[in-house]
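Each chain, written out:
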Amino acid sequence: MPELPEVEITARRLDAALRGARVESALAPGMNVMKTFEPPLEALVGRELARVRRVGKMPVVELGDLALLIHLMSAGRLRLFDKRASPKDRASRVLVRLEDGRELRLREFGTKQRAWAKLLPTDAVDDDESVARLGPQAWPAPPLDVFARLIDLPRHLHPLLRHQADISGIGRSWVDEILWEAKLSPFRKGSELTPEEVERLHAALHVLGDAIDHYEETIPEQLPDKVPMPLKIHKREGQPCPRCGTTIEAVYFSEHQTNYCPEEQTGGRVLKDRRLSRLLK
Ligand SMILES: [Zn+2]
């Protein structure tokens, strides 16, 4: 599930590999993937790839005055291949074929087709509603006073930090890592934090930068399909907390889970399984 650090390294690697490459053809085998129709994808033919950047969790591929804004959702991947996709590759959503034989491919795994792309004027990307609605980026972290205002909301930290309109870039994996780093419960409310806790949470955003540094060292120029994430706590239920040795617990929701160290984050309390408590209501 690509979040800010994963999309950042994807954009960096693709930017280095693609600058100056020219488009031979572009097509969208994913029937519902394109959210814009004018200009058509064919407008990319003959254009040079100028830059790949990231906004929130979205890669942006710039080709002169047109840009592809891509939302990977949970199962999309953007990768450069040396050869063209087989027409049988059912994961293909958008294919940008380059004159040198390589192919930039948006693929999506799993059964749900949720990833999308928009072809927009480059200078209109930041005004697109999917970008304009984003809160300040979680990395580099906003100044402490700005961050303190952003999270001063009566909502649990777990959804609050993932709410892209408040602060952008954090998803279900890194939120657990940030909260563990800050030694805060996922069920504390933003508006209930003491100034000292806000400061701790703000400081904990460094885990995003650390992850990017880790990827810079470990990920080759040619991006693999799956990037092993340097997670310490997310989906590590049953394992010892790397800091204090207490068994890591989990709270499960219908589509995701949160992991935490009871000793350091919830005052020793093991939280109820939300799935179970819903069933018992
Ligand atoms: Zn611990």
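Everything discussed here concerns the structure shown above.
Here is a short report on the structure shown in this document. (Residues numbered from 1 in each chain as written. Predicted model: local features only at pLDDT ≥ 70, side-chain atom pairs only at ≥ 80, totals over all residues. Heavy atoms only, no water.)

1. Overview of the sheet that holds strand E4 (residues 66–71)
Thinking step 1. Overall, antiparallel pairing links the four strands, which are arranged E2-E3-E4-E8 in an open sheet. Looking along the sheet, the strands with just one partner apiece sit at the ends: strand E2 (51–55) and strand E8 (116–121). This sheet shows a mean twist of 25° between the axes of neighbouring strands, independent of strand direction.
Thinking step 2. One ladder, built from four bridges, connects strand E3 (residues 58–63) with E4; its direction is antiparallel. Bridged to Val 60 within E4 is Leu 69.
Thinking step 3. Taken strand by strand, helix H1 (residues 4–18) contacts E2 and E3, and its axis lies near 170° from that of E2. (Pairing = 2+ DSSP bridges. Helix = DSSP H or I, 4+ residues; strand = E, 2+ residues; numbered from the N terminus. Axes fitted to C-alpha atoms, helices over the stretch in contact; angles between N-to-C directions. Contact = heavy atoms within 4.5 Å.)

2. Let's talk about the packing of helix H5 (residues 172–182) against helix H7 (residues 206–218)
Thinking step 1. Running from N to C, H5 and H7 point in directions that differ by 120°, and their axes come no closer than 9 Å. It follows from the interaxial angle that H5 and H7 lie oblique. Contacts between H5 and H7 involve Trp 174, Glu 177, Ile 178 and Glu 181 from the first element and His 206, Val 207, Leu 208, Ala 211 and Tyr 215 from the second.
Thinking step 2. Here the residues of the contact of H5 with H7 sort into six nonpolar, one polar and two charged. (Parallel < 35°, antiparallel > 145°, perpendicular 65-115°, else oblique. Nonpolar A, V, L, I, M, F, W, Y, C, P; charged D, E, K, R; others polar.)

3. Side note on H7
Because an α-helix completes one turn every 3.6 residues, residues spaced three or four positions apart along the sequence face the same direction.
Thinking step 1. Taking 1.5 Å per residue, 13 residues should reach 18 Å; H7 reaches 18 Å between its end C-alpha atoms and fits that length.
Thinking step 2. Contacts from the buried residues of H7 go to H1, H5 and helix H6 (195–204). (Expected span 1.5 Å × (residues − 1).)

4. Considering the sheet that holds strand E6 (residues 92–98)
Thinking step 1. A sheet is described by the order of its strands in space; here four strands give the open sequence E1-E6-E7-E5, paired in antiparallel fashion. Edge positions in the sheet fall to strand E1 (23–27) and strand E5 (76–81), since each of these pairs with one other strand and no more. Ignoring strand direction, the axes of neighbouring strands in this sheet form an average angle of 15°.
Thinking step 2. Pairing of E6 with strand E7 (residues 103–108), which is carried by five bridges, proceeds in the antiparallel orientation. Pairing of Arg 97 across the sheet is with Glu 103, part of E7.
Thinking step 3. Across the face of the sheet, H1 comes into contact with E5, E6 and E7 while running at roughly 25° to E5.

5. Considerations on H1
Thinking step 1. In this model H1 runs 20 Å from its N-terminal to its C-terminal C-alpha over 15 residues, within 8% of the 21 Å that 1.5 Å per residue would give.
Thinking step 2. Burial runs high along H1: twelve of the 15 residues are buried.
Thinking step 3. Inspection of H1 places Leu 4, Pro 5, Glu 6, Val 7, Glu 8, Ile 9, Thr 10, Ala 11, Arg 13, Leu 14, Asp 15 and Leu 18 among the buried residues, and these make up the whole buried set.
Thinking step 4. Remark: Gly 20 follows H1 within two positions and exhibits a positive phi of approximately 90°. (Buried < 20%, exposed > 50% of the residue type's maximum accessible area, 1.4 Å probe, protein only.)

6. Points about the environment of Val 23
Thinking step 1. Mapped onto the secondary structure, Val 23 falls in strand E1.
Thinking step 2. The class of Val 23 is buried, set by a relative accessible area of 1%.
Thinking step 3. Considering only alpha carbons, one finds Val 23 and Met 229, 206 residues apart in sequence, at a separation of 32 Å.
Thinking step 4. Non-local contacts of Val 23, meaning those with residues more than four positions away in its chain, are made with Leu 44, Val 45, Gly 46, Arg 47, Leu 49, Leu 63, Val 96, Arg 97, Leu 98 and Glu 99.

7. Describing the packing of H5 against H6
Thinking step 1. Their axes nearest at 8 Å, the elements H5 and H6 cross at an angle of 130°. The angle between the axes of H5 and H6 places the two elements in the oblique class. Here H5 and H6 pass one another in a crossing that is right-handed. Each of Ile 178, Leu 179, Glu 181 and Ala 182 in H5 lies in contact with H6, whose residues at this interface are Arg 200, Leu 201 and Ala 204.
Thinking step 2. Along the lines of polarity and charge, the residues of the contact of H5 with H6 split into five nonpolar, no polar and two charged. (Left-handed = near helix turned anticlockwise from the far one by under 90°.)

8. A few points about the coordination of the zinc ion
Thinking step 1. Of the protein atoms, only Cys 241 (SG), Cys 244 (SG), Cys 261 (SG) and Glu 264 (OE) coordinate the zinc ion, at distances of 2.0 to 2.3 Å.
Thinking step 2. Its four donor atoms give the zinc ion angles of 99 to 117° at the centre, a pattern that matches the tetrahedral case.
Thinking step 3. Mapping the donors of the zinc ion onto the primary sequence gives the spacing C-x2-C-x16-C-x2-E. Of this pair, Cys 244 sits in the loop between H7 and strand E9 (249–252) while Glu 264 sits in helix H8 (residues 262–265), and the two are 20 residues apart along the sequence.
Thinking step 4. Among the residues examined, Cys 244 registers a relative accessible area of 35% and is labelled partly exposed. (Donors = N, O, S within 2.8 Å, 3.2 Å for Na, K, Ca; no water. Tetrahedral: all angles 85-135°; square planar, octahedral: opposite > 155°, others 65-115°.)

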